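Examining the three-dimensional arrangement
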Amino acid sequence: MAFNRREFVKAASGAIVLASAPFVLKRAGIAAEEPIRIGNILDKSGGLNIYSLKQMQALAMTVEEINKAGGLIGRPIELLFYDSQSDNQFNSKYATDAMVKDKVKVIHGGITSSSREVMRPIVDKFKGLLFYNSLYEGGVCDRRHVSTGMVPAQQLAPLIEYMVKEKGGKKGYILAADYNYGHITSKWMQKFIRDHGGEDLAVEFFPLDVTNFAPAISRIQAAKPDVVWSALVGGAHIAFYRQFEATIGKKNMMLASSTYGVGLEQLQLSPEEGDGIVVATSFIDSLPTAKDFIAKFKAFSGDQSYVGEYGEYGARGLLIWAEAVRQANSAEPDAVIEALAKGGVKVNGAGGLYSVDGQTNHTTMDIHLVVGNKSQSFDLIRSFEQRPPSDTQMVCDLNKNPNDAQQYEIKL
Amino acid sequence: MDDVAIYAYQIGLSFAIFILISLGLAVIFGMMRVINLAQGEFLMLGAYFCTLITKAGVDLWISFFLAALAVGVFGMIVERVMIRYLYGRILDTLLATWGLSLFLVGGVTTIFGPQSESVAATLGQVTVGAFGISLYNLVVIAFALALLLGTYALWRYTRFGLVVRGTMQNPAMAAALGVNTGLVYTLTFGFGSAITGLAGAVLAPIVGAAPPMGVFFIGKAFITVISAGHLPLLGTISASGLYGVIDGVVAYISSSVIGEMTVLFVAIILLRLLPLGITGRMRRGI
């Protein structure tokens, strides 16, 4: 952990900017302009890197594209990458470094809700801007925070309605990761299951390093639910899907998840283990709108495997921020926040139209109900167009209370 | 009746996992006093070798032993080029093996990528009342017991075991009696690595193989071996038994979180009452 990748990346990105300067100068005459410095804090190493690796590359690719096309408001973007190593302590350290030492205009990053909650107060304190490009449990009401991922009203509401009403999954058994995401998401799951006339038999939490799910599986067999709901997170928890298939099996009990697939779990499991798991997502590779992005990403990264939602989040977050900068005609955090508050920031991205809701700084987007198939990918069941982040909208109004900086939690 | 069976199964599996992750460390740390922080990565290497060899078309059961052999050879190389120069220098060993652990995680990530690899062991399941039990989990329990008995027999009944134990107790005397102590150290370290590799391979169908998987196990392995005290084998059996029963029962009755917490809590109490570990006051045994 002593490798200082940040210094390396800094030097490397500096070198790229330098190397491409004459080219850009000729093209747009902007090389003399001071670059806009932005930070990306993600987990390149450690147990959570399954969520980060493609996102880092997609973000870097989007920066390169913008720079090649003449930069943003006439200035090149300089990207600094910080490896938070799946450890919140580094999120805190690098967020401070990025704000104070490197003076970035925006931080893109954070995967887990706990890492976001570590960085958000730091960004607030130094009057910066945080783009959190990840699905999460909703409710963060803070004008210096922008969520570009799904929240429960967007993701869980259609998923749970489908499972309970159409598939007859009345009795649910919930398994969730033991930190704020899992705790709050499990409450949303309970709420939506009850709303549709179902019953939540039990909720169980697992620390991120649990790999032995035999006790939980025996309890599930004793409780006999129709559906097992998983909000499990990280590399260790993938073991659950293996052990579930080896004992209960999806032919005997349905399995649906709010997190399966986002870490590309389907590529790491055998085709049988991944077949039939139902999820809701804002992006899959096979969307008609995604063709261009997927082709460019595969060429850029040299990686031909499934890209998935968390890869696309990198491009999405940066494009939305860039559009807000254009509308503000400034990269200063406060000017960008003003532009976002007007509610007119819209981007046509790889997953369809993304528009930032000025009231909450959350994003309205298309949601797709999909099911894992035998070729380690997903089949589309149906799509829901332009779902608003209505859970957060119920509790948060940044136009009325611009100084709000808290996370509202659901109460059952 | 179902209940008894399911409790026996949970305890057995939990005990087996404790044995598998800590037996190699019992040899390397318990006998040789080498604080090997790369122990979790040896486990990870075993899991990777197992998935690779299986993907090359070799039968799963044979690939377990090939993986053990590969990690054993790797362990001997590590002992020759690194550990050898650090005997008795605890802090230096700590740093060196930590470095090795980072190197292995980085190396495996670079070569195989960050995602986890899986190997299928679909043996089916047996049904006990309302419960389906994965047959493979029973195989894991059998492997753990076999490994335990094999190690015990090797140390207790063979000349090699006698020479190893003698060398660990008094290397100077062993050398004076004509034992090639350097070779004994290398072989012992290799043996510890091999059983760690075997453990990783046996666990691979359950937990998969991923670069960061070592950290999921290293803490539990050290807690078990430190609780064991100075008789590595007997101590590891009793500590694994104790923690296995607690984890199996508590995790099944309440939840995995409470199960882990209870194990750690008991470990603290135990080390407060028996600072030298469970076998701290025993004079004889292995």
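Quantities reported herein were computed from a predicted structural model and do not represent experimental measurements. Residue positions are counted from 1 within each chain, in the order its sequence is given. Each chain gets a letter, beginning with A, and each ligand a number, beginning with 1, in the order they are written. With pLDDT at 70 or above as the cut-off, local features in this predicted model cover only qualifying residues; side-chain atom pairs require 80 or more to be listed or tallied, and sums for whole chains, interfaces and linings still use all residues. Note: side-chain values were computed over all heavy atoms of the structure, leaving out hydrogens and water.

Residue and element names in this part refer to chain A. Strands are treated as partners if at least two bridges between them are detected by DSSP. Helix and strand labels come from DSSP, where a helix needs a run of H or I of at least four residues and a strand needs a run of E of at least two; each type is numbered from the N terminus. The 5 strands are arranged β2-β1-β3-β4-β6 in an open sheet whose pairing can be described as parallel. Both edges of this open sheet fall to β2 (77-83) and β6 (145-147), since each of them pairs with a single strand only. Going from strand to strand, the sheet's axes swing by 20° on average, the running direction of each strand aside. Pairing analysis gives 3 bridges linking strand β4 (residues 130-132) to β6, with the strands arranged parallel. By the bridge assignment, Leu130 is partnered in β6 with His145. Under this scheme, a helix contributes an axis fitted over its contacting stretch, all axes are lines through C-alpha atoms, and angles between N-to-C directions fall in the 0 to 180 degree range.

This part covers the pattern of salt bridges. Residue and element names in this part refer to chain A. Put simply, a salt bridge is a Lys or Arg side-chain nitrogen that is within 4 Å of an Asp or Glu carboxyl oxygen. For the structure shown, the criterion picks out 26 salt bridges over all chains. Glu166 is the salt-bridge partner of Arg382, the closest N and O atoms lying 2.9 Å from each other. Taken together, the residues Arg382 in strand β15 (residues 378-387) and Glu166 in helix α5 (residues 152-166) connect sequence positions 216 residues apart. Judged by its relative accessible area of 47%, Glu166 is partly exposed. Across the pair Lys191 and Asp195 runs a salt bridge, and its minimum N-O distance is 3.0 Å. Residue Lys191 and its partner Asp195 are located together in helix α6 (residues 180-195), separated by 4 residues, close to a single helical turn. Buried means the residue's accessible area, taken with a 1.4 Å probe over protein chains only, is under 20% of the maximum for its type, while exposed means over 50%, and partly exposed covers the values in between. On the accessibility criterion, Asp195 (47% relative accessible area) is partly exposed. The network of salt bridges with common partners includes Arg116, Glu117, Arg120, Glu137 and Asp142.

In this section: the packing of aromatic side chains. The pairing test for Phe, Tyr and Trp rings, Trp by its six-membered ring, is centres within 6.5 Å, and the orientation test on the planes gives stacked under 30 degrees, edge-to-face over 60, and tilted for anything in between. Considering all chains together, one arrives at 29 aromatic pairs over all chains under this definition. Here the aromatic rings of Phe65 of chain B and Phe143 of chain B are separated by 6.2 Å at their centres, their planes lie at 40°, and the arrangement is tilted. With Phe65 of chain B in helix α3 (residues 60-81) and Phe143 of chain B in helix α5 (residues 135-157), this residue pair connects regions lying 78 residues apart in the sequence. For Phe65 of chain B, a relative accessible area of 49% corresponds to the partly exposed category. Among the aromatic residues, those joined into a cluster by ring pairs are Phe206, Phe213, Phe240, Tyr241, Phe244, Tyr260, Tyr306 and Phe378 of chain A.

Moving on, we come to the interface of chain A and chain B. In this description, contact between two residues means that some pair of their heavy atoms is separated by no more than 4.5 Å. Taken together, the contacts link 33 residues of chain A with 34 residues of chain B. In total, about 2700 Å² of surface goes out of reach between chain A and chain B, with carbon and sulfur atoms giving 56% of it. Applying the counting criterion to the chain A and chain B interface returns 0 salt bridges. By the criterion applied in these results, polar contacts are pairs of N or O atoms within 3.5 Å in which, for protein atoms, one can donate a hydrogen and the other can accept it, and in which residues neighboring in sequence qualify only through two side-chain atoms. Counting across the chain A and chain B interface gives 8 residue pairs in polar contact (both at pLDDT 80 or more). At the level of elements, α2 (49-68), β8 (199-206), α7 (214-223) and α8 (238-247) of chain A are the ones that each hand at least two residues to the side of chain A that touches chain B. Following the grouping adopted for this structure description, the nonpolar residues are Ala, Val, Leu, Ile, Met, Phe, Trp, Tyr, Cys and Pro, the charged ones are Asp, Glu, Lys and Arg, and the polar ones are all others, Gly among them. Residues that form the side of chain A that touches chain B fall into these classes: 17 nonpolar, 11 polar and 5 charged. Here the quantity called buried area is the total loss of accessible area, with a 1.4 Å probe, experienced by two parts when brought into contact, counted for both.

Next up on the list: the side chain of Asn36 of chain B. Residues and elements named next belong to chain B. Checked against the element boundaries, Asn36 lands in the loop between α1 (2-31) and α2 (39-55). Among the polar contacts listed, one links the side chain of Asn36 to the backbone nitrogen of Ala38, at a separation of 3.0 Å. Looking at Asn36, its side chain comes within polar contact range of the side chain of Gln39, at 2.9 Å. In this structure, Asn36 is in contact with Leu25, Ile28, Phe42, Thr97, Phe189, Ile218 and Phe222, ignoring residues within four places of it in sequence.

What follows deals with the packing of helix α12 (residues 308-328) of chain A against helix α13 (residues 333-341) of chain A. All names here are of chain A. Their axes nearest at 8 Å, the elements α12 and α13 cross at an angle of 95°. Taken as axis vectors, α12 and α13 run roughly perpendicular relative to one another. Contacts from Trp321, Ala324, Val325, Gln327 and Ala328 in α12 reach Ala335, Val336, Ala339 and Leu340 in α13. Split into classes, the residues belonging to the contact of α12 with α13 amount to 8 nonpolar, 1 polar and no charged. Our angle categories are set so that under 35 degrees counts as roughly parallel, over 145 as roughly antiparallel, 65 to 115 as roughly perpendicular, and the remainder as oblique.

Looking now at the domain arrangement of chain A. Residues and elements named next belong to chain A. Throughout, the edges of the domains are those of an automatic or database domain assignment. Partitioning chain A into structural domains gives domain 1 (5-150 + 289-366 + 395-407) and domain 2 (152-281). The C-alpha centroid of domain 2 is placed 30 Å from the C-alpha centroid of domain 1. Every contact between the two is made by 26 residues of domain 1 and, on the other side, 23 residues of domain 2. Each partner contributes to the roughly 1800 Å² buried at the junction of domain 1 and domain 2, and carbon and sulfur atoms together form 64% of this total. Counting across the domain 1 and domain 2 interface gives 0 salt bridges. Inspection of the domain 1/domain 2 interface yields 5 residue pairs in polar contact (both at pLDDT 80 or more). Elements represented by at least two residues in the side of domain 1 that touches domain 2 include exactly α2, α4 (113-125), α12 and β14 (362-372). If one sorts the elements of the side of domain 1 that touches domain 2 by residue count, β14 sits on top with 4 residues. Tallied by class, residues from the side of domain 1 that touches domain 2 come to 10 nonpolar, 11 polar and 5 charged.

Turning our eyes to something else, we now look at the environment of Ile195 of chain B. Residues and elements named next belong to chain B. Mapped onto the secondary structure, Ile195 falls in helix α8 (residues 181-207). Owing to a relative accessible area of 6%, Ile195 belongs among the buried residues under this scheme. Measuring from C-alpha to C-alpha, the distance between Ile195 and Val71 comes to 8.4 Å, with 124 residues separating the pair along the chain. Sequence-distant contacts of Ile195, defined by excluding residues within four places in its chain, comprise Leu23, Gly24, Val27, Leu147 and Thr151.

Now for the confidence of the model for chain A. In the predicted model, chain A carries a mean pLDDT of 90, and the fraction of residues at 70 or more is 92%. What pLDDT conveys is the predictor's confidence in a given residue, as a value from 0 to 100. Throughout residues 20-30 of chain A the model reports pLDDT below 50, and contacts reaching past four residues in sequence, or to other chains, amount to 14 contacts.

So, on to the nonpolar core. Of all hydrophobic cores here, the largest spans 108 residues; its most connected members are Ile38, Met163, Trp229, Phe240, Phe293 and Trp321 of chain A. In terms of domain composition, this core takes at least three residues from each of domain 1 (5-150 + 289-366 + 395-407) and domain 2 (152-281) of chain A. Beyond its immediate sequence surroundings of up to four residues, Trp229 of chain A is in contact with Leu159, Ile160, Met163, Gly172, Tyr173, Ile174, Leu175, Met189, Ile193 and Ala256 of chain A. Here, the term nonpolar core denotes a set of buried Ala, Val, Leu, Ile, Met, Phe, Trp, Tyr and Cys residues that are joined through side-chain atoms within 4.5 Å. With 69 residues, the next largest nonpolar core counts Ala121, Phe131, Ile206 and Met213 of chain B among its residues.

Along any regular strand, the residues point their side chains to alternate faces of the sheet. Residue and element names in this part refer to chain A. The buried fraction of β2 amounts to 7 of the 7 residues, a majority that puts the element mostly inside the structure. Neither face of β2 is open: one carries Ile77, Leu79, Phe81 and Asp83, the other Glu78, Leu80 and Tyr82, and all of them are buried. Looking at chain direction, strand β1 (residues 36-42) and β2 are connected through 7 bridges and run parallel. Residue pairing for β2: Gly39 is matched across the bridge by Leu80. The handedness of a crossover follows from its direction of travel: if, with the strands pointing away from the viewer, the path from the first strand over the helix to the second runs clockwise, the crossover is right-handed. Crossover handedness for the path β1 to α2 to β2: right-handed.

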